[in-house]
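Examining the three-dimensional arrangement
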Amino acid sequence: MSVLIEGFAPFYNDKSKLLILGSFPSVKSREVQFYYGNKQNRFWRIVSSHFGESLPLSVEDKHNFLVRRRIALWDIVTECEIIGSKDETIKNFQVADIKSLLQNSNIKYIILNGSKAYSIFCDNFSDVQVPYKKLPSTSPANTRFNEKEWHDAISAAFATD
């Protein structure tokens, strides 16, 4: 018998401008109960260095960083069957209600963290009016990571500030 695992609620507020959408929380993230909990994942190093800030270590520090930098986090899959943390094993999934989030926030740009997030997003939300961009996954399993692409996309998201 397979078990459906629940992901996290979206993290955002009325000042959030950039939404970063992953696929589904990793095992490590589920253990710490917040996004990008695997210390080998490049996510927190990239976003903190982009803004010239030190790496946020605690969940509270990460919350504060995201609020200060107007970044929202969510995953495109809110519930699924998954083996470990492997995106390719995601099945029987529920898709996040992205349109509702966009209607109830000030999100102006979406970054899709990896191919799985991008694929599911395009299958369900390719008609959204908010610009979006696929980026290489920050997962430690991704050997083709490109840091410059991430910095360029974050800069583009805040270019109108």
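Everything here concerns the structure above.
What this report covers is the structure whose coordinates are included nearby. Note that the coordinates shown come from a computational prediction; the quantities given were computed from them, not determined experimentally.

Observations concerning the sheet that holds strand β2 (residues 18-22)
On the basis of which strands lie adjacent, the open sheet formed by four strands has the order β3-β2-β6-β7 and parallel pairing. Strands at the two margins of the open sheet, each flanked by one partner only, are β3 (71-75) and β7 (132-135). Strand after strand, the sheet turns through a mean of 20° between neighbouring axes, direction not considered. Pairing of β2 with strand β6 (residues 109-113), which is carried by four bridges, proceeds in the parallel orientation. For Ile20, the partnering residue across the bridge sits in β6 and is Ile111.

Section: the sheet that holds strand β5 (residues 91-95)
In spatial order, the strands read β1-β4-β5; together these three strands make up an open sheet with antiparallel pairing. Because the sheet does not close on itself, it has two edges, and the strands there are β1 (5-6) and β5. Pairing analysis gives three bridges linking strand β4 (residues 77-81) to β5, with the strands arranged antiparallel. The residue bridging Val77 from the neighbouring strand is Val95, located in β5.

With respect to the packing of helix α2 (residues 43-50) against helix α6 (residues 147-157)
Direction vectors running N to C along α2 and α6 enclose 50°, while the axes themselves pass 10 Å from each other. One element, α2, and the other, α6, form an angle in the oblique class. Considering only the axes of α2 and α6, their crossing is right-handed. Contact residues: Phe43, Ile46, Val47, Ser49 and His50 in α2; Glu147, Trp150, His151, Ile154 and Ser155 in α6. Taken together, the residues that form the contact of α2 with α6 break down as five nonpolar, four polar and one charged.

Notes on the packing of aromatic side chains
The tally for this structure, following the rule as stated, stands at 12 aromatic pairs. Note on Phe51 and Phe158: the rings are 5.9 Å apart at their centroids and 75° apart in plane angle, and the pair reads as edge-to-face. Separated by 107 residues along the polypeptide, Phe51 in the loop between α2 and α3 (59-69) and Phe158 in the segment after α6 bring together distant segments of the chain. Phe158 gets classed as buried once you look at its relative accessible area, which sits at 13%. Between Phe121 and Tyr132, the aromatic rings sit 4.7 Å apart at their centres with planes inclined by 65°, giving edge-to-face as the arrangement. Here Phe121, found in helix α5 (residues 115-125), pairs with Tyr132, found in strand β7; they are 11 residues apart in sequence, far enough to count as distant. A relative accessible area of 0% means that Phe121 is categorised as buried. On the accessibility criterion, Tyr132 (28% relative accessible area) is partly exposed. Ring-pair connections join several aromatic residues into one group, and the members of that group are Phe8, Phe11, Phe34, Tyr35, Tyr36, Phe43, Trp44, Phe51, Phe65, Trp150 and Phe158.

Concerning the pattern of salt bridges
Oppositely charged side chains are able to pair whenever their charged atoms sit close together. One pass over the structure, following the stated rule, counts five salt bridges. Measuring nitrogen to oxygen at the nearest pair gives 3.9 Å for the salt bridge that ties Lys91 to Glu81. Placement of the pair is Lys91 in strand β5 and Glu81 in strand β4, with a sequence separation of 10 residues. For Glu81, a relative accessible area of 10% gives the class buried. In this structure, the salt-bridge partner of Asp152 is Lys148, at a minimum N-O distance of 2.7 Å.

What counts as what
Residues numbered from 1 in each chain as written. Predicted model: local features only at pLDDT ≥ 70, side-chain atom pairs only at ≥ 80, totals over all residues. Heavy atoms only, no water. Pairing = 2+ DSSP bridges. Helix = DSSP H or I, 4+ residues; strand = E, 2+ residues; numbered from the N terminus. Axes fitted to C-alpha atoms, helices over the stretch in contact; angles between N-to-C directions. Parallel < 35°, antiparallel > 145°, perpendicular 65-115°, else oblique. Left-handed = near helix turned anticlockwise from the far one by under 90°. Contact = heavy atoms within 4.5 Å. Nonpolar A, V, L, I, M, F, W, Y, C, P; charged D, E, K, R; others polar. Phe/Tyr/Trp six-rings, centres within 6.5 Å; stacked < 30°, edge-to-face > 60°. Buried < 20%, exposed > 50% of the residue type's maximum accessible area, 1.4 Å probe, protein only. Salt bridge = Lys/Arg side-chain N within 4 Å of Asp/Glu carboxyl O.

The analysis is restricted to geometry; functional conclusions fall outside its scope.
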